[in-house]
Amino acid sequence: MEEREEVKLLGVWYSPYAIRPKIALHLKSVEYDYVEEDLFGSKSELLLKSNPVHKKVPVLIHNSKPVCESLNIVEYIDETWNSSGQSILPSHPHDRALARFWSAFVDNKWFPALKLATITKSEDAKAKSMEEVEEGLLQLEDAFVSISKGKSFFGGEAIGFMDICLGSFLVLLKAMEELKGEKLLDESKTPSLCQWGGEFLSDETVKNVVPEIKKVAEFLRELEVRAQSAASRS
Amino acid sequence: MAEKEECVKLLGFWGSPFSRRVEMALKLKGVPYEYLEEDLPNKTSLLLELNPLHKKVPVLVHNDKVLPESHLILEYIDQTWKNNPILPHDPYEKAMARFWAKFIDEQILSLGFRSLVEAEKGREVAIEETQEMLMFLEKEVIGQDFFGGKTIGFLDMVAGSMIPFCLARLWEGLGIDMIPEETFPELNRWIKNLKQVEAVRECIPPRDKQVERMTKIAEKIMST
């Protein structure tokens, strides 16, 4: 009889980073226990023990061994359960490198610019960051067209690494669009990305994993209120 | 069977740890390559053409494929030339190597370089914070010759190029003893082991030149 593997995922429900390993685990049909970290409370003992360096979610614990950092976790899931489900990373070394390159671009350049644009009080800084965000989307549009080669996803016929990386931000993006009443993903500027976004969110696996846009929008509103009341008290 | 014509070019910079670690990997695997030195900060049109997004070294060109970013290049080299593997085979060990490599290039670089130079909370605090991070690495290499085990691997190349042969030169220039033997016996032992490896030795930037370069960069930051 096969021993049941212990797979635990520590996350927070709305975090794009936590969504990534969830999608990967579902793609590979791996059973796991999900542990929600208390967003506004203190960090759990398990989290502090499993990720002493950064103390952040998500963390995957597989048979008591912790793996940290969302994209690292996705690669680990792909390599560990490599005989089940589809391959998440491309097989050719150069294609793998490209997938990692664009993921690094999203995480290190594009999303930080978006984050800055949202939280900064300076109009100048906001305008500059938004410019970076828009330019980044155009670059991602080009990357998508070149990598997908006419198929629905960066990964081709099925969802792959880069889809998971960028796709995990889609619900947050749409929630922000709802909150601000401004379009971030514009069909006239990035038509292929918009189509990809629709395909990604309606995918069978993704649909059951990502949070509802409405809930995230409500949550963002709550965060703003908290930030404002904290600022007025200080 | 005739061997396919391989053409490997590396655009690099003598003082860059990111560039040097790629050379370590190519040398370890015995891959012949043409090295093109960038005269930074004067970037060549070739560099700007090959890496338009980030405009940085290193860039590897393998036949018609172009790759920027040292971590990506190291993984690509490992998957393409399978002798002397540099990444662990086990998925968990691999994930750990990638985690620590990111930690070095982000946390350690940021604390051990910029934060130290800017010293907003004072030099002593910056040193303490850097040493706290280095202690994580000290624990990772206990009882092993290298982070990779008995032979050098991906993490040794990342850490080696960054810490002893780049950051340590800055610390020297600033008169800081960041990794004293009594506090970091394992890291010191690891550095000694590293210097015995030919592929590493050939990729150590000349010491005085590197100290001068790092000190100059620090002075520039401090003056702005």
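Remember, it's a predicted structure, so these values are computed and weren't measured experimentally. (Residues numbered from 1 in each chain as written. Chains lettered and ligands numbered in written order. Predicted model: local features only at pLDDT ≥ 70, side-chain atom pairs only at ≥ 80, totals over all residues. Heavy atoms only, no water.)

Colleague: Can you walk me through the overall build of chain B in this structure?
Modeller: Scanning chain B from N- to C-terminus turns up nine helices and four strands. Over its C-alpha atoms chain B spans a radius of gyration of 18 Å, differing by no more than 12% from the 17 Å that the globule rule assigns to 224 residues. With respect to the principal axes defined by its C-alpha atoms, chain B has extents near 60 × 45 × 30 Å. Counting only residues that meet the buried cut, chain B has 53% of its 224 residues in that class. (Helix = DSSP H or I, 4+ residues; strand = E, 2+ residues; numbered from the N terminus. Rg over C-alpha atoms; globule rule 2.2 N^0.38 Å. Buried < 20%, exposed > 50% of the residue type's maximum accessible area, 1.4 Å probe, protein only.)

Colleague: How do you make sense of the overall build of chain A when you look at a structure like this?
Modeller: In terms of regular secondary structure, chain A is built from ten helices and four strands. Seen in sequence order, chain A has helices and strands lined up from the N terminus as β-α-β-α-β-β-α-α-α-α-α-α-α-α. What you see for chain A is a C-alpha radius of gyration of 18 Å, in line with the 17 Å of a compact globule of 234 residues. Looking at chain A as a whole, 48% of its 234 residues are labelled buried. Residue pairs at least 24 apart in sequence account for 68% of intrachain contacts in chain A once pairs closer than 6 positions are excluded. Per element, the accessible surface of chain A, about 12,000 Å² overall, is 51% carbon and sulfur. Side-chain charges in chain A split into 29 positive and 38 negative, and the spacing between the mean points of these groups amounts to 4 Å. (Contact = heavy atoms within 4.5 Å. Areas by Shrake-Rupley, 256 points an atom, 1.4 Å probe, with all protein chains shown as cover. Lys, Arg positive; Asp, Glu negative; His and termini not counted. Charge placed at Lys NZ, Arg CZ, Asp CG, Glu CD.)

Colleague: Is there a simple way to explain the sheet that holds strand β1 (residues 7–11) of chain A in this structure?
Modeller: Picture the strands of a sheet paired through backbone hydrogen bonds; they go either parallel or antiparallel. Residue and element names in this part refer to chain A. Spatially, four strands are ordered β2-β1-β3-β4 in an open sheet, and the strand pairing comes out mixed. In this open sheet, the two strands that pair with only one neighbour each are β2 (33–36) and β4 (65–68). Neighbour-to-neighbour, the strand axes of this sheet turn through a mean angle of 20°, independent of strand direction. Across four bridges, β1 lies against strand β3 (residues 59–62) in antiparallel orientation. Bridging from a neighbouring strand, L9 pairs with L60 of β3. (Pairing = 2+ DSSP bridges. Axes fitted to C-alpha atoms, helices over the stretch in contact; angles between N-to-C directions.)

Colleague: Would you mind going over the sheet that holds strand β1 (residues 8–12) of chain B with me for this structure?
Modeller: Residue and element names in this part refer to chain B. Spatial strand order, β2-β1-β3-β4: four strands in an open sheet with mixed pairing. If you trace the sheet from one side to the other, it starts and ends with β2 (34–37) and β4 (65–68), each paired once. Along the sheet, successive strands turn relative to each other by an average axial angle of 15°, direction set aside. Bridge count between β1 and β2: four bridges; the pairing is parallel. The residue bridging G12 from the neighbouring strand is E37, located in β2. Contacts from helix α1 (residues 17–28) reach β1, β2 and β3 (59–62) within the one sheet, and its direction differs from that of β1 by about 155°.

Colleague: Honestly, the state of the cysteines in this entry has me stumped. Any pointers?
Modeller: Here is the idea: a disulfide is a covalent bond, and it sits between the sulfur atoms of two cysteines. All names here are of chain B. As enumerated under the stated definition, the model contains zero disulfides over all chains in all. Residue C7 stays outside any disulfide, its sulfur separated by 19 Å from that of C203, the closest cysteine. The exposure class assigned to C7 is partly exposed, which follows from its relative accessible area of 35%. In this structure C166 is not part of a disulfide, and its nearest cysteine sulfur, from C203, lies 14 Å away. Residue C166 is classed as buried on the basis of its relative accessible area of 4%. (Disulfide = S-S within 2.5 Å.)

Colleague: When you look at the interface of chain B and chain A in this model, what are you seeing that I'm missing?
Modeller: As a measure of interface size, the accessible area lost when the parts come together is often cited. At the junction of the two partners, chain B supplies 24 residues and chain A supplies 26 residues. Taken together, the two surfaces of chain B and chain A that pack against each other cover about 2,200 Å², and 66% of this comes from carbon and sulfur. When the buried area of chain B at its contact with chain A is split by residue, B:L53, B:Y92 and B:F99 rank highest and sum to 28% of it. Where chain B meets chain A, there are five salt bridges. Close ionic contact of A:R100 with B:E75 constitutes a salt bridge, the shortest N to O distance being 3.2 Å. (Buried area = accessible area lost by both parts, 1.4 Å probe. Salt bridge = Lys/Arg side-chain N within 4 Å of Asp/Glu carboxyl O.)

Colleague: Help me understand the packing of aromatic side chains in this model?
Modeller: Between two aromatic rings, the relevant description is the distance of the centres plus the angle of the planes. Within the structure shown, the criterion is met by 20 aromatic pairs over all chains. An aromatic cluster is built from A:Y17, A:W110, A:F111 and A:F169, whose rings are joined through pairwise contacts. Over the aromatic face of B:W14 sits the side chain of B:K209, whose NZ or CZ is 4.3 Å from the ring centroid. Over the aromatic face of B:W14 sits the side chain of B:R213, whose NZ or CZ is 5.8 Å from the ring centroid. (Phe/Tyr/Trp six-rings, centres within 6.5 Å; stacked < 30°, edge-to-face > 60°. Lys NZ or Arg CZ within 6 Å of the ring centre and 35° of its normal.)

Colleague: Explain the UniProt feature "domain: GST C-terminal" (unreviewed entry) in chain B to me, please; I cannot follow it from the model alone.
Modeller: The UniProt feature table records "domain: GST C-terminal" (unreviewed entry) at residues 90–217 of chain B. Helix makes up 72% of residues 90–217 of chain B and strand 0%, and the two end C-alpha atoms of the span are 40 Å apart. (UniProt positions renumbered as here; feature names shortened; annotations may be inferred.)

Colleague: Would you mind going over the nonpolar core with me for this structure?
Modeller: Across soluble globular proteins, nonpolar side chains have a tendency to be buried as a group. Ranked by internal contacts, the top residues of the largest apolar core, which has 138 residues, are A:W110, B:L134, B:L137 and B:W171. The leading source of residues in this core is helix α4 (residues 91–118) of chain B, at 14 residues. Residues contacting A:W110, with those up to four places away along its chain left out, are A:F105, A:V133, A:G136, A:L137, A:L140, A:L166, A:F169 and A:L173. Counting eight residues, the second largest nonpolar core, distinct from the first, contains B:F13, B:W14, B:L50 and B:V57. (Core = buried A, V, L, I, M, F, W, Y, C linked by side-chain atoms within 4.5 Å.)

Colleague: Looking at this model, I keep getting lost on the UniProt feature "domain: GST C-terminal" (unreviewed entry) in chain A. Mind explaining?
Modeller: Following the UniProt record, one finds the feature "domain: GST C-terminal" (unreviewed entry) at residues 92–219 of chain A. Along residues 92–219 of chain A one finds 73% helix and 0% strand; the C-alpha atoms at either end are 40 Å apart.

Colleague: I would appreciate a short explanation of the pattern of salt bridges in the present structure.
Modeller: Oppositely charged side chains may form a pair once their charged atoms are brought near each other. Residues and elements named next belong to chain B. Here the structure, examined in full by the defined rule, presents 26 salt bridges over all chains. Across the pair K27 and E202 runs a salt bridge whose closest N-O atoms are separated by 3.4 Å. Residue K27 is located in helix α1, and its partner E202 is located in the loop between α8 (198–201) and α9 (207–223); the two are separated by 175 residues in the primary sequence. Assessed through its relative accessible area of 31%, K27 is described here as partly exposed. Classification of E202 as partly exposed rests on a relative accessible area of 42%. A salt bridge links R114 to E118, with the shortest nitrogen-to-oxygen separation between them at 2.8 Å.

Colleague: In this structure, what is going on with the UniProt feature "domain: GST N-terminal" (unreviewed entry) in chain B? I would like to understand it.
Modeller: Taking the numbering used here, the UniProt-annotated feature "domain: GST N-terminal" (unreviewed entry) corresponds to residues 6–85 of chain B. With 36% helix and 21% strand, residues 6–85 of chain B has end C-alpha atoms that lie 19 Å from one another.

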